[in-house]
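Close look at the chain arrangement
Listed here are the chains, written in short residue letters.
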Amino acid sequence: MNTAEAQAPPAGATAPSPVADEAASAQSVAATSARAGGDGLALVVGGSSGIGMDAARRLLQRGVSVLLVARNADKLEDAARQLSPHAAAGTGAGVSTRALDLRDAAAVRAAAAEIEAGPALRYVVNAAGVFSPKPFVEHTEEDYDAYHDINRATLFLTQAAERNMVAAAARW
């Protein structure tokens, strides 16, 4: 799990980089959740660009911490830097990232287990997608599989998030 907390750094400091160590990354996600206060934590699959990034920005503005999930770690880090200034003042809301290739079934299973056992979620945004602009008759079996792999991944990640939410509600 690659996770990075993104906050506005103090003057003269640089923004934190993603962390490769699993224990440190789990602590990072937990810390983001703890800072969220009453507004909670949102899982944003496909959060490094487009609709997912815009949803994350809107959640941050309302004091909700976000866990961005996307394939490209560099784009995630860039998104976290762009989004952090949008966190509502005084809420402690923050941004965490998790690089995940939704086409990798084993990685999705591992991420689903982490989500299910992880910090309590309040929101889930599924905005991941793939777009291959070419004529219909030129699409390949690999293109077709990529579309279905992403749909399968969001199903299993959403199931894990639902289990997390039900477990959290039982503790209240």
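Quantities reported herein were computed from a predicted structural model and do not represent experimental measurements. (Residues numbered from 1 in each chain as written. Predicted model: local features only at pLDDT ≥ 70, side-chain atom pairs only at ≥ 80, totals over all residues. Heavy atoms only, no water.)

With respect to the layout of surface pockets
Where empty space is left can be seen by rolling a probe of water-molecule size over the atoms. Quantified by volume, the largest pocket comes out at close to 430 Å³. In terms of lining residues, the largest pocket is bounded by 22 residues, among which G46, A70, R71, A128 and G129 are the most central. Residue assignment for the lining of the largest pocket shows that the elements contributing at least two residues are α2 (50–61), β2 (65–70) and α5 (141–171). Of all the elements, α2 adds the most residues to the lining of the largest pocket, at three residues. Residues belonging to the lining of the largest pocket are distributed by class as follows: 11 nonpolar, seven polar and four charged. (1 Å grid on protein atoms, 1.4 Å probe; cavity = no way out; pocket = protein on both sides within 12 Å on 5 of 7 lines; lining within 4 Å. Points joined across faces, edges and corners; volume = space filled by probe spheres on them. Helix = DSSP H or I, 4+ residues; strand = E, 2+ residues; numbered from the N terminus. Nonpolar A, V, L, I, M, F, W, Y, C, P; charged D, E, K, R; others polar.)

Section: the sheet that holds strand β3 (residues 95–99)
The strand order β3-β2-β1-β4 describes an open sheet built from four strands, whose pairing is parallel. Since the sheet does not close on itself, it has two edges, and those belong to β3 and β4 (123–126), each with one partner. Pairs of neighbouring strands in the sheet enclose a mean axial angle of 15°, with direction left out of account. Of the pairings in the sheet, the one linking strand β1 (residues 41–45) to β2 comprises five bridges and is parallel in character. Looking at the pairing, L43 lines up with L67 of β2. Along the sheet, helix α3 (residues 73–83) makes contact with β2 and β3, crossing β3 at roughly 170°. (Pairing = 2+ DSSP bridges. Axes fitted to C-alpha atoms, helices over the stretch in contact; angles between N-to-C directions. Contact = heavy atoms within 4.5 Å.)

Examining the pattern of salt bridges
Throughout the structure, instances matching the rule amount to nine salt bridges. The shortest N-O distance in the salt bridge between R103 and D101 comes to 3.1 Å. Owing to a relative accessible area of 40%, R103 belongs among the partly exposed residues under this scheme. Between R152 and D149 there is a salt bridge whose closest N-O contact spans 2.5 Å. With R152 and D149 both in helix α5, this residue pair falls three residues apart, about one helical turn. Judged by its relative accessible area of 41%, R152 falls in the partly exposed class. The network of salt bridges with shared partners includes D54, R57 and R58. (Salt bridge = Lys/Arg side-chain N within 4 Å of Asp/Glu carboxyl O. Buried < 20%, exposed > 50% of the residue type's maximum accessible area, 1.4 Å probe, protein only.)

Looking at the environment of A160
Mapped onto the elements, A160 comes out in helix α5. By relative accessible area, which is 1% here, A160 ends up buried. Those residues in contact with A160 that lie beyond four places of it in its chain are A112, I115 and E116.

Quick notes on the nonpolar core
In terms of nonpolar packing, the biggest core is built from 19 residues, with V44, L59, V66, L68, L83 and V95 touching the most fellow members. Contributions of two or more residues to this core are made by β1, α2, β2, α3 and β3. Looking at this core, the element that brings in the most residues is α2, giving five residues. Apart from the residues lying within four places of it in its own chain, the contact partners of L68 are V44, G47, A56, L76, A79, A80, L83, V95, S96, T97 and R98. Listed in part, the 17 residues of the second largest apolar core include L43, V108, I115 and L157. (Core = buried A, V, L, I, M, F, W, Y, C linked by side-chain atoms within 4.5 Å.)

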